[in-house]
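# Remarks on the overall topology
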Amino acid sequence: MGKLAVFQERFRIAIHSGEISDVLSKGIEEGILPVAARMQVYQNNYEMTLAGLLGGVFPLTAAFVGEEFLRSAAKLFIKERPPKDPKLEQFGADFSSFLRGYPHAVDVIYVADLAALEWAVHELQHVKALDEGACPVETSVEGCTLNPNVRFIESDYPLLQLWMVGMGQLVPEAVHIESGGQNVAVILDGLEVKLSIIDEQELKAVHMLSTRLALTEEQQAGVMRTLAAKNIVITQ
């Protein structure tokens, strides 16, 4: 590795971790401000840029937990899971899994599922158009093809109702967390993203289809028609 490559790698590490190595310090010319202070400018811009990106992707999550909560969670997320690709279209894809282990989220137990739902909507609306490789491969069994433009969020909480509250379509008093779970299909239909609840029987059929297991006669006769009507599967 050449000297420039070493310097660039140390610079990247410093931006991510805040730790400035001797190699990096010696490679930066002295100025009015000390090296650490000048590096802090880059670190702040880096963090603010990524936090702003997350805030733009998860506005509904922020509405439920508050801007301060989201900023604190984003700061730790950025530190623990920095971008792996210079293209930032996929940054935030694992934010929901991060929230599942985030200690301060214990009082908002549904927030990880809500973030997963927001990401699914964001991915189909924006990322898919930029990166077709992010879409799952079509799976065909017995004439039924799982629509590659669908994402599924399984939740123990009334997820679609929470989404509707965030969108102003329901009043908060109408939703009770203990009322039970809702599995939501996020469907890209043309240029529009639609949300639809799928029951356990439909979800089971989707899992069987995605793993290429044979469908029962009942599933072929009834459930597949329902899923086709929702544009979750494509029948031939």
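What you are looking at is a predicted structure, and each value in this text was computed from that prediction instead of being measured. (Residues numbered from 1 in each chain as written. Predicted model: local features only at pLDDT ≥ 70, side-chain atom pairs only at ≥ 80, totals over all residues. Heavy atoms only, no water.)

### Some remarks on helix α8 (residues 159-166)
- Inspection of α8 places Leu159, Leu160, Leu162, Trp163 and Val165 among the buried residues, and these make up the whole buried set.
- Phi turns positive one or two residues past the end of α8, at glycine 168, with a value near 80 degrees. (Buried < 20%, exposed > 50% of the residue type's maximum accessible area, 1.4 Å probe, protein only. Helix = DSSP H or I, 4+ residues; strand = E, 2+ residues; numbered from the N terminus.)

### Some points on the nonpolar core
- Counting 30 residues, the largest nonpolar core has Phe69, Phe95 and Leu99 as the members making the most contacts within it.
- Those elements that provide at least two residues to this core are α3 (35-57), α4 (59-65), α5 (67-80), α6 (95-100), α7 (111-130) and α8.
- For this core, the leading source of residues is α5, giving six residues.
- Apart from residues lying up to four places away in sequence, phenylalanine 95 is in contact with Phe58, Leu70, Ala73, Ala74 and Phe77. (Core = buried A, V, L, I, M, F, W, Y, C linked by side-chain atoms within 4.5 Å. Contact = heavy atoms within 4.5 Å.)

### Things to note about the packing of aromatic side chains
- Counted by the stated rule, this structure contains nine aromatic pairs.
- Ring geometry for phenylalanine 64 and tyrosine 110: centres 5.8 Å apart, planes at 75 degrees, overall edge-to-face. With a gap of 46 residues between them, phenylalanine 64 in helix α4 and tyrosine 110 in the loop between α6 and α7 connect regions that are remote in the sequence.
- Judged by its relative accessible area of 22%, phenylalanine 64 is partly exposed.
- Arranged with centres 5.4 Å apart and planes meeting at 45 degrees, the rings of phenylalanine 77 and phenylalanine 91 form a pair that is tilted. Here phenylalanine 91 lies in the loop between α5 and α6 and phenylalanine 77 lies in helix α5, a separation of 14 residues in the sequence.
- Residue phenylalanine 77 is classed as buried on the basis of its relative accessible area, which comes to 0%.
- Taking relative accessible area as the criterion, phenylalanine 91 reaches 7% and is therefore assigned buried. (Phe/Tyr/Trp six-rings, centres within 6.5 Å; stacked < 30°, edge-to-face > 60°.)

### Some words on unusual backbone geometry
- Phi is positive for asparagine 231, close to 70 degrees, though the residue is something other than glycine.
- Along the polypeptide, asparagine 231 turns up in the loop between α10 (217-229) and β6 (233-235).

All quantities given are derived from atomic positions and should not be read as evidence of function.
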